[in-house]
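Listed below, chain by chain, are the residues.
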Amino acid sequence: MTRRKLIEILKWVWIVAVLLGAGWYFYRHYQEISQYLGTISIGRLIICFLLLLAGKLAISDISRLSLKKINYDMPYTEALAITAVSQLGKYLPGGLWHLAGKFGFLKIKGISNKKTTQVMVVENLWLLSSAGVVGMVALLAFSSATACQYVKFLCSPFVAKVIAVALTLIWVVGLLVFEYLFFGKRKIIFRDFLLVLAELLFIWIVFGLSFWLVFPPHTGYLAQVTGAFSLSWLAGYVAFFAPGGIGVREVLLAVLLGAFFAGGEVAIYASIHRLLWLLAEVFLGGLSALIFGLPEVPEENSSDANL
C-alpha cells in the first residue's frame, strides 16, 4: 500500500469517525443542545455571516499582494475568483486540492512553476504565522489564566504581556527577514508590507468576532474567543488528515475555551459557525465565479494541446 493511499484511507476514517462521534453526541445531549440553540440570535448569525464574507474578501487581497512579490499585478476581482473557488477544494478527500487548484489557475495565467511556488509559500506563511501569533498574543495578553494551565510561569499577567509584545516584534522582524532572503531586498515594499500586516490583523479579528457572535448575547471573553479561534483554524489547516480541519478545529476550541464555557456548549457553537463558514465559502465562490469568471487557457495553448 502506497503512502498516498494510506493517507487517503486515514482521511476517510477520520471523516466517518467525526460524523459518527458528532451524531452520537447530539443524540445523547439532545435536550441540552436544544437549550443552547434556543439562545442563538438570528440577527447575530446574519452579522456573523457578513463578517465571514469580509474576512474571505480580505484573504483574496492577501493573494493579490503575494502576487506582487513576483511583479505580477493581478486585478482584485480575478484574485477573488481564483481564491474563492480554489479554497472549496479543501473539503474534497485528499486535503490538498485547494492548493492544487490555485496552482493550476496561476499556471493558466502563465506564471512559472517557480514563481507560483514562491507566491503560495509566502501567502500561506502570512496566513499561518499570523493566525498563530494573533491567537497566542490574544490569549497571553488578555487571558493569562488560559496560558497558565499549560505553562506555569505564564501565570503572571506581566510576564504574559511581555512575551506577547516580544512575540509580535519577533514575528514582524521574522517576516521581513524571510522576504529579504526569499525575494531579495528590492522586493520589499514597506507600504505593501504594512498593508499585509493590517489585513492579516483584520482577518483574524473579524473571524474571531464572527465566532463570538454565535454565542448567546452578552457573552464576554471576546479576546479569548478570538485567540482560541485563530489557533484552532491554524491547527485545522495543517491537519492533513482532516479535510477543512473538520473535527480538529472544534476539539481545540473546546479545550482552549474550557475554562470559560462547557465543552459541549463550545462544540455546538463551533459546529454552527462551521456551517456558516461553509455557506460563506460556497456563496462567495459561486458568486465570484459567476460574476468575474475564472482564468481560461489561451486559445493558442488550447490549439497546441489538441495537436
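As a reminder, the structure under discussion sits directly above these lines.
Bear in mind that the values here come from a model prediction, so they are computed numbers and not experimental data.

Participant: For this particular structure, what's the right way to read the packing of helix H3 (residues 42-68) against helix H12 (residues 263-292)?
Facilitator: Helix-helix packing is characterised by the crossing angle of the two axes and by the distance between the axes. Between H3 and H12, the shortest axis-to-axis distance is 9 Å and the interhelical angle comes to 50 degrees. Considering the angle they form, H3 stands oblique to H12. Where H3 crosses over H12, the handedness of that crossing is right-handed. Facing Leu45, Cys48, Phe49, Leu52, Leu53, Lys56 and Leu57 of H3, the residues of H12 in contact are Ile272, His273, Leu276, Trp277, Leu279, Ala280, Glu281, Phe283 and Leu284.

Participant: In this structure, what is going on with empty space enclosed by the protein? I would like to understand it.
Facilitator: Any space left empty among the atoms is revealed by the rolling of a water-sized probe across them. Per the counting criterion, the structure on display carries two cavities of 30 Å³ or more. There is about 40 Å³ of room inside the largest cavity. Contributing to the lining of the largest cavity are Ser63, Ser66, Leu67, Met74, Ala79, Ile82, Lys102, Leu106, Val119 and Glu123. If you list the elements that add at least two residues to the lining of the largest cavity, you get H3, helix H4 (76-86), helix H5 (97-108) and helix H6 (113-142). Here the lining of the largest cavity gets three residues from one element, more than from any other, and that element is H3. Residue composition of the lining of the largest cavity, by class: six nonpolar, two polar and two charged. Considering the residues around the second largest cavity, the lining is formed by Phe211, Phe229, Arg249, Glu250, Leu253, Ala270, His273 and Arg274. Every element with two or more residues in the lining of the second largest cavity is listed here: helix H11 (248-256) and H12. Tallied by class, residues from the lining of the second largest cavity come to four nonpolar, one polar and three charged.

What counts and how
- Residues numbered from 1 in each chain as written.
- Predicted model: local features only at pLDDT ≥ 70, side-chain atom pairs only at ≥ 80, totals over all residues.
- Heavy atoms only, no water.
- Axes fitted to C-alpha atoms, helices over the stretch in contact; angles between N-to-C directions.
- Helix = DSSP H or I, 4+ residues; strand = E, 2+ residues; numbered from the N terminus.
- Parallel < 35°, antiparallel > 145°, perpendicular 65-115°, else oblique.
- Left-handed = near helix turned anticlockwise from the far one by under 90°.
- Contact = heavy atoms within 4.5 Å.
- 1 Å grid on protein atoms, 1.4 Å probe; cavity = no way out; pocket = protein on both sides within 12 Å on 5 of 7 lines; lining within 4 Å.
- Points joined across faces, edges and corners; volume = space filled by probe spheres on them.
- Nonpolar A, V, L, I, M, F, W, Y, C, P; charged D, E, K, R; others polar.

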